[in-house]
Amino acid sequence: MEKGIIFVISGPSGSGKSTIINRFMEKHKKDFFLSISATTRQPRKGEVNGKDYFFYEKNKFILDMKKNKFIEYAKILDNFYGTPKGPIFNNINKGKNVIMDIDVQGARKIKEKLKNCVTIFIMPPDFDELENRLRKRKTDSEKSIQKRLKLAKKELKERKNYDYIIINNDIEETVNIIENIVKLEKFKRYKI
Ligand code: 5GP
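Rules and cut-offs
- Residues numbered from 1 in each chain as written.
- Predicted model: local features only at pLDDT ≥ 70, side-chain atom pairs only at ≥ 80, totals over all residues.
- Heavy atoms only, no water.
- Helix = DSSP H or I, 4+ residues; strand = E, 2+ residues; numbered from the N terminus.
- Expected span 1.5 Å × (residues − 1).
- Buried < 20%, exposed > 50% of the residue type's maximum accessible area, 1.4 Å probe, protein only.
- Arc of directions from axis to C-beta.
- Contact = heavy atoms within 4.5 Å.
- Core = buried A, V, L, I, M, F, W, Y, C linked by side-chain atoms within 4.5 Å.

Caption draft 1: Structural view of helix 6 (residues 142-156). The end-to-end C-alpha separation of helix 6 is 21 Å, in line with the 21 Å expected for 15 residues at 1.5 Å each. Buried residues of helix 6: Ser144, Ile145, Arg148, Leu149, Ala152, Glu155 and Leu156, and no others. For helix 6, the buried positions fall inside an angular range of 140° around the axis, keeping them on one side. Opposite the packed face of helix 6, turned more than 90 degrees from it, sit the exposed residues Lys143, Lys150, Lys153 and Lys154. Of the surrounding secondary structure, the elements contacted by the buried residues of helix 6 are strand 6 (79-84), helix 4 (104-113), strand 8 (118-123) and helix 5 (127-136).

Caption draft 2: Here's a closer look at the nonpolar core. Core analysis: the biggest nonpolar cluster contains 17 residues, and Phe7, Ile9, Phe24, Phe32, Ile120, Ile122 and Ile178 have the highest contact counts within it. At the level of elements, strand 1 (6-10), helix 1 (17-28), strand 8 and helix 7 (171-189) are the ones that each hand at least two residues to this core. Once you skip the residues sitting within four places of it in the chain, Ile178 turns out to touch Ile9, Ile20, Phe24, Ile120, Ile122 and Ile166. Of all hydrophobic cores here, the second largest spans 16 residues; its members include Ile6, Ile88, Ile92 and Leu156.

Laid out in structure tokens, this is it:
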């Protein structure tokens, strides 16, 4: 059986990345598995444990880290985030593609370990729009918004290391571009 492909998607907070991934998953849940990360960050309003993230105490996270349960992990703005290893390999071995929503540090680590993965960077149309989106979602304090904007500037510089860069002008258009990337990557695999 053909193995699934891992698609790693990164982009700064406010780039629209989560909305894009949710929309994509609505359309493709039969063929794709969306990796659910563990984090020590507090849940935001409306976030559900086991759906958006596995919300862990710091001790539990460190224990899993030591037990090598994460394929990668990173510290982002004072919190830990990690991708549980088991579900990733279970799904690609079953022929399902995997989507991982992780930051630039995580993407770099995954690309080193799994050369065959496909990395996609989602860009906001411009920096003002990024700030607008962060403010509009009303989930972060002013301090947190400032920290995220600073981090976004740093992350944007990393985009050149990705296989694909998409400027997110429109959600449906971006989802459509990702669908096309998936199609093309499947063709590429015939060479392997
Ligand atoms: P947020 O706190 O806004 O949900 O996520 C902050 C950042 O953490 C985002 O860039 C998101 O992609 C990233 N992230 C989420 N889960 C993981 C993970 O398991 N590993 C890494 N490296 N980054 C993650």
